Amino acid sequence: MNILNALFKTSLGKKVIMAITGLVLVGFVIGHLVGNLQIFSPPEKINAYAHLLQSLGPVLWVIRAFLLLMVGLHIWSAIALVLENKAARGAKGYANQKTLRASFASRTMKWSGLIVLAFIIYHILHFTTKQAYGPELFMVNLDGEMVPDVHTMMVLGFQDPLVSIFYLVAIGLLTLHLSHGLSSMFQSLGLRTRAWAGCLNKVSLAVCILYFLGNAAIVGACFSGFVKVQNENFQASSGELCTPNCQVCETRLASNN
Amino acid sequence: MNVKLRVWRQKNSETEGRFENYEAKNLNPNMSFLEMMDVVNEDLTDAGEEPIAFAHDCREGICGTCSCMIDGKPHGPEHGVATCQTYMRSFKDGDTITVEPFRATAFPIVKDLVTDRAAFDKIQQAGGFITVRTGAAPDANSIPIGKEIADLAMDAAACIGCGACVAACKNASAMLFVSAKAGQLNLLPQGQPEKDRRVLSMVAAMDEAGFGNCTNQYECSAACPKMISEEFISKLNRDFVGATVRNAVKAKAL
């Protein structure tokens, strides 16, 4: 049996696909969080980071295609496994079955996964393609080059309480998903042993808590005004820069007349 | 003590089954669950009705014949015992106890609470053995084996093949059984010659029998009357990955 056959045809192989794609995606979401935490630095930092990613050109598309493939395989293996599992129990289920030790997270992987998928689609429309983005996108001068002001886009994006709540709920569900997935992937790859199973559970719980808090901090800071818009064009249009006895607008009005 | 029973009755694999209600009266709390079933069957026989069919043999927790989903848990409410070692003192007077057969496509119902668990035999035949030389018995301890390894192999070998792991699993997966049967041999020097072939064949037989997939919830381990650890599942996964890679790259005869 060759390796591809073993991966895609056997029950254990599909679990290996689930684990490895899950590992890649966990790496991505943690990297994504670390990148976004730059919102707490001066705006130039995250704008330069976003510009760097955008300027990767074809490489960016290779990375995107790879991530999409990982998501696709993760979902494919989930569907294939669920269908097999349903068939394995048979048409007639139990009238009464107790849960003995399965965690809440492990029993709701399907639902947390589906809602997170819906969130990812919204998130891409929100911040990547900007189809679901309300306020206009401001540009900012970065070392003599005009680049999109991602800092302002994020702060404004989280001003809507409904959007912020949806982000928090989705991040919460992703954290729940990871709380089972993180230790589960080690089991599926055969790397979980009794000697460090307890340690693994604690580490994965700690990673989950930190992951949630990190994301919640970004949403909370933008929503609460702890992180403010620092784009001068936006500040001027919203009247934030107005001071008593300022002549700027009068001069402008006068020059227009 | 008295209990009410809600028992799955099914004439054979072709007919539809249904729950029937029975009453078991004047029970001694120190009767085993199966002895209580014997009492109910005596009454049914006296009344000219068909007794409830349930699987049993040794009645001392080592043969793996007794099964039954009792109140939603294989082998009843206690931990680390088979149905035959479950006593009526584990229930309260007046309780209604739901008794169902193990449910899995790979374990078709033969009658009432009896299921055909021959799928486990097929998995065993696929690789649950070692090659031994025939002739006189070898000297004891002629192959040195560390105590930790011997203990671990013995833990896996405690599997009685009852099928509680499949019954408890939300996916009717047989991973705990297969991992225990493959693991006990893969751990020991005697099991090394066929190790890779064993893992690949037993997993293939498991998939072919129509068992589900492991979701790493470890319900199997919690329901196992021999308390076999889910660690053996991890070991089976590890051995499977290793066997697949080695099998793909190993030298082959023309």
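Below is a short write-up of the structure. Note on numbering: residues in each chain are counted from 1, in written sequence order. Ligands are numbered from 1 and chains lettered from A, in the order in which they are written. A pLDDT threshold of at least 70 governs which residues receive local features in this predicted model, and a stricter bar of 80 or more applies before side-chain atom pairs are shown or counted, although totals over entire chains, interfaces and linings include all residues.

**Observations regarding the overall build of chain A**
Right, so step 1: Numbering of helices and strands runs from the N terminus, with a helix taken as a DSSP run of H or I at least four residues long and a strand as a DSSP run of E at least two residues long. A tally of regular secondary structure across chain A gives 11 helices and 2 strands.
Right, so step 2: In chain A, the succession of α and β elements from N to C terminus is α-α-α-α-α-α-β-β-α-α-α-α-α.
Right, so step 3: Relative to the 2.2 N^0.38 estimate, which gives 18 Å for 257 residues, the radius of gyration of chain A is 23 Å and therefore markedly larger than a compact globule would have.
Right, so step 4: Principal-axis analysis of the C-alpha atoms gives chain A an extent of 80 × 40 × 40 Å.
Right, so step 5: Any residue surrounded by 20 or more other C-beta atoms within 10 Å of its C-beta is treated as buried, while 12 or fewer makes it exposed and the intermediate range makes it partly exposed; C-beta atoms here are placed from the backbone. Scored against the burial criterion, the 257 residues of chain A give a buried share of 26%.
Right, so step 6: Residues are defined as contacting one another if the C-beta atoms placed from their backbone atoms lie within 7 Å. For chain A, the proportion of contacts with a sequence separation of at least 24, taken over those separated by at least 6, is 75%. Two things to know: the radius of gyration comes from C-alpha atoms, and the globule rule equals 2.2 Å times the number of residues to the power 0.38.

**Describing the interface of chain B and chain A**
Right, so step 1: Counting residues at the interface gives 41 residues for chain B and 36 residues for chain A.
Right, so step 2: Counting only elements with at least two residues in the side of chain B that touches chain A, the list comes to β5 (96-100), α6 (195-209), α7 (219-223) and α8 (231-249) of chain B.
Right, so step 3: No other element matches the 12 residues that α8 of chain B contributes to the side of chain B that touches chain A.
Right, so step 4: When residues are sorted by character, Ala, Val, Leu, Ile, Met, Phe, Trp, Tyr, Cys and Pro go into the nonpolar class, Asp, Glu, Lys and Arg into the charged class, and all the rest, Gly among them, into the polar class. Tallied by class, the residues present in the side of chain B that touches chain A amount to 17 nonpolar, 15 polar and 9 charged.

**Points about the nonpolar core**
Right, so step 1: Any set of buried Ala, Val, Leu, Ile, Met, Phe, Trp, Tyr and Cys residues joined through C-beta atoms within 7 Å is what this text calls a nonpolar core. Within the largest apolar cluster, 88 residues are counted, with the highest numbers of intra-cluster contacts made by I123, C165, V166 and V178 of chain B.
Right, so step 2: Ranked by the residues each element gives to this core, the list is headed by helix α8 (residues 161-188) of chain A, at 8 residues.
Right, so step 3: What marks off one domain from the next here is an automatic or database domain assignment. Here this core gathers at least three residues from each of two domains, domain 1 (3-110) and domain 2 (117-249) of chain B.
Right, so step 4: Non-local contacts of V166 of chain B, meaning those with residues more than four positions away in its chain, are made with F102, A104, F107, A172, S173, A174, F177 and F211 of chain B.
Right, so step 5: One finds V150, V155, F158 and C222 of chain A within the second-largest nonpolar core, a separate group that totals 13 residues.

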